[in-house]
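Report on the structure
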Amino acid sequence: MASRAPVATGRLLLGARKWYYNMCGFNKLGLFRDDTIIEDADVKEALRRLPENQYNDRMFRVKRSLDLSMKQQILPKDQWTKYEEDFNYLTPYLTEVIRERKEREEWMKK
């Protein structure tokens, strides 16, 4: 009986994650989770390091979502970003930029 609990809990958590993902609304505009990160200096540097094709894809998604927001529309349901299709394309670059910034700050303290 104890071996079943983690599986059921895992499925329940996955269901809750998918529900929350759909309730956030950015997927209805065709955005990924990383497209919604507020741009500060670290994010701008991470964006600068993105490969050109990923940067162009991001700009397309953001411009399309701005256009849809202005028109107060959403994409057809078959074009929504699905939970399974979303991936963190910016997070590895952002993590690296933050690590470098902290390392630089530590170096400047010495």
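Residues numbered from 1 in each chain as written. Predicted model: local features only at pLDDT ≥ 70, side-chain atom pairs only at ≥ 80, totals over all residues. Heavy atoms only, no water.

As named in an unreviewed UniProt entry, the chain is Cytochrome b-c1 complex subunit 7, taken from Zoarces viviparus. Turning to the chain, the UniProt annotation filed under Subcellular location (unreviewed entry) states: "Mitochondrion inner membrane". (UniProt positions renumbered as here; feature names shortened; annotations may be inferred.)

1. Quick notes on the packing of helix α2 (residues 41–49) against helix α4 (residues 91–109)
The axes of two packed helices give the description: the angle between them and the distance between them. Interhelical geometry of α2 versus α4 gives an angle of 125° and a closest axis separation of 8 Å. Compared by their axis directions, α2 and α4 come out oblique. Considering only the axes of α2 and α4, their crossing is right-handed. Packed against α2, whose contacting residues are Asp-42, Val-43, Glu-45, Ala-46 and Arg-49, the element α4 presents Tyr-93, Leu-94, Glu-96, Val-97, Ile-98, Glu-100 and Arg-101 at the interface. Counted by class, the contact of α2 with α4 contains 6 nonpolar, no polar and 6 charged residues. (Axes fitted to C-alpha atoms, helices over the stretch in contact; angles between N-to-C directions. Helix = DSSP H or I, 4+ residues; strand = E, 2+ residues; numbered from the N terminus. Parallel < 35°, antiparallel > 145°, perpendicular 65-115°, else oblique. Left-handed = near helix turned anticlockwise from the far one by under 90°. Contact = heavy atoms within 4.5 Å. Nonpolar A, V, L, I, M, F, W, Y, C, P; charged D, E, K, R; others polar.)

2. Here we look at helix α3 (residues 52–70)
Over its 19 residues, α3 runs 27 Å from end to end, which matches the ideal 27 Å to within 8%, given 1.5 Å per residue. Residues of α3 that are buried: Arg-58, Arg-61, Ser-65 and Leu-68. Buried residues along α3 cover an arc of 95° about the axis, so they all sit on one side. Opposite the buried face of α3, by more than 90 degrees, sit the exposed residues Glu-52, Asn-53, Phe-60, Lys-63, Leu-66 and Met-70. Packing partners of the buried residues in α3 comprise α2. One or two residues past the end of α3 sits Gln-72, with phi positive at roughly 55°. (Expected span 1.5 Å × (residues − 1). Buried < 20%, exposed > 50% of the residue type's maximum accessible area, 1.4 Å probe, protein only. Arc of directions from axis to C-beta.)

3. Here we look at the side chain of Asp-86
Tracing the backbone through its elements, the reader meets Asp-86 in the loop between α3 and α4. One buried charged residue, Asp-86, remains without a salt bridge, the closest side chain of opposite sign being Arg-33 at 4.2 Å. For Asp-86, the contacting residues outside a window of four places in its chain are Tyr-21, Phe-26, Phe-32, Arg-33 and Thr-81. (Lys, Arg positive; Asp, Glu negative; His and termini not counted. Salt bridge = Lys/Arg side-chain N within 4 Å of Asp/Glu carboxyl O.)

4. Quick word on the nonpolar core
Grouped together as the largest cluster of nonpolar side chains are 9 residues: Phe-32, Val-43, Ala-46, Leu-47, Leu-50, Tyr-89, Leu-90, Leu-94 and Val-97. Listed by contribution, the elements that provide at least two residues to this core are α2 and α4. For this core, the element with the most residues is α2, which contributes 3 residues. Once residues lying within four places of it in the same chain are set aside, the contact partners of Leu-94 are Ile-37, Asp-42, Val-43 and Ala-46. In terms of nonpolar packing, the next biggest core, distinct from the first, is built from 7 residues, Tyr-21, Leu-31, Leu-68 and Trp-80 among them. (Core = buried A, V, L, I, M, F, W, Y, C linked by side-chain atoms within 4.5 Å.)

5. Considerations on the pattern of salt bridges
Overall, the coordinates contain 13 salt bridges when judged by the stated rule. Salt-bridge contacts for Arg-61 lead to Asp-35; the nearest nitrogen and oxygen are separated by 2.6 Å. Note that Arg-61 is positioned in helix α3 and Asp-35 in the loop between α1 (4–24) and α2, a separation of 26 residues in sequence. Under the relative-accessibility criterion, Arg-61 is labelled buried at 10%. The exposure class of Asp-35 is buried, given its relative accessible area of 8%. Via salt bridges that share partners, Asp-35, Glu-39, Arg-58 and Arg-61 belong to a single interconnected network.

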